[in-house]
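Descriptive structure summary
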Amino acid sequence: MTTPPQDHNPVINQGSTAETPDGQLPVGHTLPDGEALLSVRNLKKIYHTDGGDIEAVRNLTFDLPKGELTCLVGPSGSGKTTLLKAISGLLEPSAGEVTLAGNVVTGPPKNMAVVFQEYGRSLYPWMRVRENVELPLKVQGTDKAQRNHVVDEALQAVGLDHVPRSYPWQLSGGMQQRVAIARAVAYQPEVLLMDEPFAAVDAQTRADLEDLVRRVWSQLGITILFVTHDIDESVYLGERVVILSSSPTVIQQDIKIDLPTERNQLETRSSQRFSELRHHVYEQIQLAKEGFRPDTAKAQA
Ligand SMILES: Nc1ncnc2c1ncn2[C@@H]1O[C@H](COP(=O)(O)OP(=O)(O)OP(=O)(O)O)[C@@H](O)[C@H]1O
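Because the structure is a prediction, the values reported are computed rather than measured.

**Some thoughts on the site of the ligand**
In the neighbourhood of the ligand, 13 residues make up the surrounding shell, with Ser-76, Gly-79, Lys-80, Thr-81 and Thr-82 lying closest. Here Tyr-47 contributes a side-chain N or O atom positioned 3.4 Å from a nitrogen atom of the ligand. Here an oxygen atom of the ligand and a side-chain polar atom of Ser-76 are 2.9 Å apart. With the chains in place, 61% of the 640 Å² that the ligand exposes on its own is no longer accessible. Elements represented by at least two residues in the shell around the ligand include exactly strand S2 (36–49), strand S3 (52–65) and helix H1 (80–87). Considering each element in turn, the shell around the ligand owes the most residues, three residues, to H1. Considered class by class, the residues forming the shell around the ligand number four nonpolar, seven polar and two charged.

Below, the structure is given as structure tokens:
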């Protein structure tokens, strides 16, 4: 694997001193002007609670180029959801900013869609599958002919074109999550954020949904940021894995995943490279859990 060029000026470098495999990207690296679709700059989030302030995210910087599938992985409670909510405009950052296609995010942007873990709560039970998928397009004012076309395509993409008239509660958990993905895809977002979307489904369904996400990504060219605490999932899915430190979170490492674009649950997961990458990410998460912090390690160096 070749090490990518490191000539992007880091705004900040929260870099890890831990051993890393080839292909590690400079932490906190930024892309030249105009190359990033999504930019996170010095993002900080402090929750003010009765029990005191909780700093969840600390001065985090990274870029997502258009069309990349990136996984964010970190220990439980590290701040993954907080970061995703701030990126999606659902949570106001305490400092720093997020820009999407050059525009500062101050609320949920039109060209972004989010899929959450709780598919059961994200679908309207009184609406049929088709109506659920169609709803955001209706709200957006898309005309009926175009809506029909886009909804058909989205249902087909997730393999649910045979149940358009079912209600969500008539479907399995995995099928409901596919409806949520179809709805996000039908909306034709530039960026799709996914927050542990498969945490509540069984292992076999999870594997199918992972392949579905990669298929949708390669067919439609959407930029995807996928949050997970599952190390294997992050390596299998991502073209890049951003590892978060424990709370208050900073980027611990940023790794390019040099597995083939065509992935297969059996072959890819049993390949030597998958095992090496998985091993590396696992070690980093263990370090994070033990309290290793790239920012303090650097200060002490
Ligand atoms: N609404 C809130 N008010 C106060 N503190 C919060 C709030 N939401 C999250 N936190 C705190 O911020 C930190 C990060 O939480 P967050 O849910 O973002 O982590 P996470 O990595 O998504 O966790 P998990 O993997 O367990 O879902 C934690 O210390 C959490 O207690």
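Anyway, onward from the coordinates.
**Things to note about the sheet that holds strand S6 (residues 103–104)**
Spatial ordering of the open sheet is given by S3-S2-S5-S6, a layout of four strands whose pairing is antiparallel. The strands lining the two open edges of the sheet, one partner per strand, are S3 and S6. Judged from the two bridges that link them, strand S5 (residues 95–100) and S6 form a sheet pairing that is antiparallel. Among the inter-strand pairings, Thr-99 is bridged to a residue of S6, identified as Val-104.

**What to know about the packing of helix H4 (residues 144–157) against helix H5 (residues 173–186)**
The contact between H4 and H5 brings their axes to 9 Å, and the two run at 140°. Considering the angle they form, H4 stands oblique to H5. In this structure, H4 meets H5 at a crossing whose hand is right-handed. Only Ala-182, Val-185 and Ala-186 of H5 make contact with H4, whose side of the interface consists of Val-150, Ala-154 and Leu-155. Among the residues forming the contact of H4 with H5, the class breakdown is six nonpolar, no polar and no charged.

**Some words on the environment of Leu-31**
Turning to its location among the elements, Leu-31 is positioned in the loop between strand S1 (24–25) and S2. Residue classification places Leu-31 among the buried positions, given a relative accessible area of 17%.

What counts, and where the lines are drawn
Residues numbered from 1 in each chain as written. Predicted model: local features only at pLDDT ≥ 70, side-chain atom pairs only at ≥ 80, totals over all residues. Heavy atoms only, no water. Near = heavy atom within 4 Å. Polar contact = N/O pair within 3.5 Å; in protein donor to acceptor, adjacent residues only side chain to side chain. Areas by Shrake-Rupley, 256 points an atom, 1.4 Å probe, with all protein chains shown as cover. Helix = DSSP H or I, 4+ residues; strand = E, 2+ residues; numbered from the N terminus. Nonpolar A, V, L, I, M, F, W, Y, C, P; charged D, E, K, R; others polar. Pairing = 2+ DSSP bridges. Axes fitted to C-alpha atoms, helices over the stretch in contact; angles between N-to-C directions. Parallel < 35°, antiparallel > 145°, perpendicular 65-115°, else oblique. Left-handed = near helix turned anticlockwise from the far one by under 90°. Contact = heavy atoms within 4.5 Å. Buried < 20%, exposed > 50% of the residue type's maximum accessible area, 1.4 Å probe, protein only.

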